[in-house]
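Residues per chain are reported as follows:
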Number of protein chains: 2
Amino acid sequence: MKGKIFIIEDETSIIQLVQHNLEKEGFVVSSSTNGNDGLKELKKFEPNLLLLDWMLPDLSGIDVCKSLRRDKNFKNLPIIMLTAKGEEEDKVKGLESGVDDYITKPFGFNELMARIKALLRRSDPKTVSDDLIFEDLKLDRTEKRVFRDNNEIHLGPTEFRLLEFFLLNPKRVFSRDQILESVWPNNINVESRTIDVHIRRLRQSINLSGKKELVRTVRSAGYSLS
Amino acid sequence: MKGKIFIIEDETSIIQLVQHNLEKEGFVVSSSTNGNDGLKELKKFEPNLLLLDWMLPDLSGIDVCKSLRRDKNFKNLPIIMLTAKGEEEDKVKGLESGVDDYITKPFGFNELMARIKALLRRSDPKTVSDDLIFEDLKLDRTEKRVFRDNNEIHLGPTEFRLLEFFLLNPKRVFSRDQILESVWPNNINVESRTIDVHIRRLRQSINLSGKKELVRTVRSAGYSLS
DNA sequence: TTAGTTTGTAACAATTCTGTAACATTAAAA
DNA sequence: TTTTAATGTTACAGAATTGTTACAAACTAA
């Protein structure tokens, strides 16, 4: 899980709890305790999702939301509103102002997490899946599948790990030694030329006629995904 | 990643932690534990970014910031303020005094790094890449690519190292011996005239018709990038 | 087991790079 | 000007690097 989440919430205890848990899940988190500052900082932070309290000391969550929806850069920012029980009846107001989802305090972290994932999956899939994507090449780490231009490609285990490795650091050039260390199981010894052969096999597999070459040779330095 | 970062923060444990991590990322770091010394040393150090604690033994972070903004050399220095929890309400004050971003203690290093990168990318893009640039010539060390006027150029390994060497010290004149020592692998012996040939190859490659010559010959002294 | 895959290596081919020598040109010195 | 030293230019052979293929051994799934 990756991506940035901003929180606008006046109770610092809630912020701490949520922030800590989200960071454990791999998100980068920033927060503010009132509406006006929150708006300013959020725009700098450029989050993938906003957790927004309904009741704030200055603006209401609704105001914050409306203001964001007027800004073309944040028209589509996923927003989850945190509401105390008594505010539930006003959900309609919130929906009209452009909120994407609600959660009622007190809430469990699991529920919050589930809603965040669900929302991100809809609006910004790359932040929830651990698919690795480079141009029209996609590697699904959970299902161990690879696609080029939506056509599934079969790779042997070694080619799969090799491609995975390149996709984790696209464009960067790796020496054969670095590749050996990262892609081959530890304390196994293979000739450095073996890599060339696997590169060739990988190239052959992910090559679609008419499409450009994705694996670049950098003479006397190594290979990279370009 | 390169560039210089200055830290003004009274807790030496935080300085140590942050400094160590930033240096691992490739930054040059210097620091001070109070406002007055900090201001003096900072001006000598000429950092690309300042991490500034809000609470200091003498001046407050706000004072430091205001003072810097009055100095024309530091009017645009990117500043990230480190605030403890209780100070959060005063964020507006900070924004007004000219701080660019905030981070609330305790913070994770990843978040700090993300904010530093984001801020530098906006204000001083060349510090986040390790590209070497001279006029319209760009050498990307990570991808091992060279561009003249945005057109990619292919260089052989030796020409690449040669250009990299010149770009690290533009305008300086190097003797053939110096070039040999720095660009050729150790304990290899080549005629000094060999350099002339590689210079010729480099010139030919990076030469765009109509553009001026970038490699200057200094008779009886050597070559330089001009 | 068997049939099919995958893996590492060797051998050879193709390509690119490198250093040097030889000759041409230029700039400084006499 | 002539002479001399330094640098520019070119061509080329052999070195070094990478691409390609085939094959036997190891491994896997049925």
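Above: the structure in question.
Summarised in this report is the structure supplied together with it. Please read all numbers here as calculations on a predicted model, not as lab measurements.

Residue and element names in this part refer to chain B. The contact between helix H6 (residues 157-168) and helix H8 (residues 193-206) brings their axes to 10 Å, and the two run at 85°. Classified by the angle between their axes, H6 and H8 sit roughly perpendicular to one another. Each of Thr158, Glu159, Leu162, Leu163 and Phe166 in H6 lies in contact with H8, whose residues at this interface are His198, Ile199, Arg201, Leu202 and Ile206. Looking at the contact of H6 with H8 residue by residue, the class counts come to six nonpolar, two polar and two charged.

A separate point is the sheet that holds strand S8 (residues 145-148) of chain A. Residue and element names in this part refer to chain A. Judged by pairing direction, the sheet is antiparallel, and its four strands sit side by side in the order S6-S7-S8-S9 without closing on themselves. Looking at the sheet topology across the chains shown, the edges are occupied by strand S6 (131-134) and strand S9 (151-153). Within the sheet, the average angular offset between the axes of one strand and its neighbour, ignoring direction, is 25°. Here three bridges tie S8 to S9, and the two strands are oriented antiparallel to one another. Across the sheet, Arg148 pairs through a bridge with Asn151, a residue of S9.

A word on the protein's contact with DNA strand D. Near DNA strand D there are 24 residues, and of these Arg200 and Ser220 of chain A together with Arg200, Thr217 and Tyr223 of chain B occur at the shortest range. Taken together, the sugar and phosphate atoms account for 56% of what DNA strand D places within 4 Å of the protein. The contact in question runs from a base nitrogen of DNA strand D to an N or O atom on the side chain of Arg193 of chain A, over 2.7 Å. Arg219 of chain A is positioned such that a nitrogen or oxygen atom in its side chain is 2.9 Å from a base oxygen of DNA strand D. For the surface near DNA strand D, the residue count by class is six nonpolar, four polar and 14 charged.

What follows covers the packing of aromatic side chains. All names here are of chain A. According to the stated counting rule, one finds eight aromatic pairs over all chains in the structure shown. Their ring planes at 50° and their centres at 5.8 Å tell us that Phe6 and Phe45 sit as a pair that is tilted. With Phe6 in strand S1 (residues 4-8) and Phe45 in helix H2 (residues 35-45), this residue pair connects regions lying 39 residues apart in the sequence. You can call Phe6 buried: its relative accessible area is 0%. Connected via pairs of aromatic rings, a cluster forms that spans Phe165, Phe166 and Phe174. The aromatic ring of Phe147 is capped on one face by Lys138, whose charged end is 5.2 Å from the ring centroid.

Further remarks concern the pairing of S1 of chain A. Residues and elements named next belong to chain A. For S1, a buried count of four out of five residues is recorded, marking the element as mostly surrounded by other parts of the structure. The pairing of S1 with strand S2 (residues 28-32) spans five bridges and is parallel. Residue pairing across strands places Ile8 opposite Ser32, the latter belonging to S2. Relative to strand S3 (residues 49-53), S1 runs parallel, the two sharing four bridges. Bridging from a neighbouring strand, Ile5 pairs with Leu49 of S3.

Time to look at the protein's contact with DNA strand C. Among the 25 residues in the neighbourhood of DNA strand C, the closest are listed as His154, Thr158 and Arg201 of chain A together with Thr158 and Arg201 of chain B. Within 4 Å of the protein, the atoms of DNA strand C are drawn from sugar and phosphate moieties in a proportion of 68%. In the environment of DNA strand C, a phosphate oxygen lies 2.7 Å from a nitrogen or oxygen atom belonging to the side chain of His198 of chain A. His154 of chain B is positioned such that a nitrogen or oxygen atom in its side chain is 3.0 Å from a phosphate oxygen of DNA strand C. A class-by-class count of the residues in the surface near DNA strand C yields eight nonpolar, nine polar and eight charged.

What follows is about the pattern of salt bridges. By the definition in use, this model includes 24 salt bridges over all chains. Of the charged contacts in the structure, one is a salt bridge between Lys211 of chain A and Asp149 of chain A, with a shortest N-O distance of 3.8 Å. Taken together, the residues Lys211 of chain A in the loop between helix H8 (192-206) and strand S10 (215-218) and Asp149 of chain A in the loop between S8 and S9 connect sequence positions 62 residues apart. For Lys211 of chain A, a relative accessible area of 34% puts it in the partly exposed group. Close ionic contact of Arg145 of chain B with Glu152 of chain B constitutes a salt bridge, the shortest N to O distance being 2.8 Å. Overall, the relative accessible area of 14% leaves Arg145 of chain B in the buried class. Residue Glu152 of chain B is classed as partly exposed on the basis of its relative accessible area, which comes to 44%. Each of Asp136, Arg148, Asp149 and Lys211 of chain A takes part in one network of salt bridges that share partners.

Residue and element names in this part refer to chain A. Taken in spatial order, the five strands line up as S2-S1-S3-S4-S5 in an open sheet, and their pairing is parallel. The open sheet is flanked by S2 and strand S5 (101-104), the only strands paired with a single partner. Here the average twist between neighbouring strands, direction ignored, is 20°. Sheet strands touched by H2: S1, S2 and S3. Its angle to S1, the strand with the most contacts, is close to 170°.

Each partner contributes residues to the interface: chain B has 16 residues there, and chain A has 24 residues. Summing both sides of the interface, chain B and chain A together bury roughly 1700 Å²; the carbon and sulfur share of this comes to 50%. Across the contact surface, chain B and chain A share zero salt bridges. At the boundary of chain B with chain A, the tally comes to three residue pairs in polar contact (both at pLDDT 80 or more). Every element with two or more residues in the side of chain B that touches chain A is listed here: helix H4 (91-97) and helix H5 (109-123) of chain B. When grouped by side-chain class, the residues that make up the side of chain B that touches chain A number four nonpolar, one polar and eleven charged.

Cut-offs and rules
- Residues numbered from 1 in each chain as written.
- Chains lettered and ligands numbered in written order.
- Predicted model: local features only at pLDDT ≥ 70, side-chain atom pairs only at ≥ 80, totals over all residues.
- Heavy atoms only, no water.
- Axes fitted to C-alpha atoms, helices over the stretch in contact; angles between N-to-C directions.
- Helix = DSSP H or I, 4+ residues; strand = E, 2+ residues; numbered from the N terminus.
- Parallel < 35°, antiparallel > 145°, perpendicular 65-115°, else oblique.
- Contact = heavy atoms within 4.5 Å.
- Nonpolar A, V, L, I, M, F, W, Y, C, P; charged D, E, K, R; others polar.
- Pairing = 2+ DSSP bridges.
- Near = heavy atom within 4 Å.
- Polar contact = N/O pair within 3.5 Å; in protein donor to acceptor, adjacent residues only side chain to side chain.
- Phe/Tyr/Trp six-rings, centres within 6.5 Å; stacked < 30°, edge-to-face > 60°.
- Buried < 20%, exposed > 50% of the residue type's maximum accessible area, 1.4 Å probe, protein only.
- Lys NZ or Arg CZ within 6 Å of the ring centre and 35° of its normal.
- Salt bridge = Lys/Arg side-chain N within 4 Å of Asp/Glu carboxyl O.
- Buried area = accessible area lost by both parts, 1.4 Å probe.

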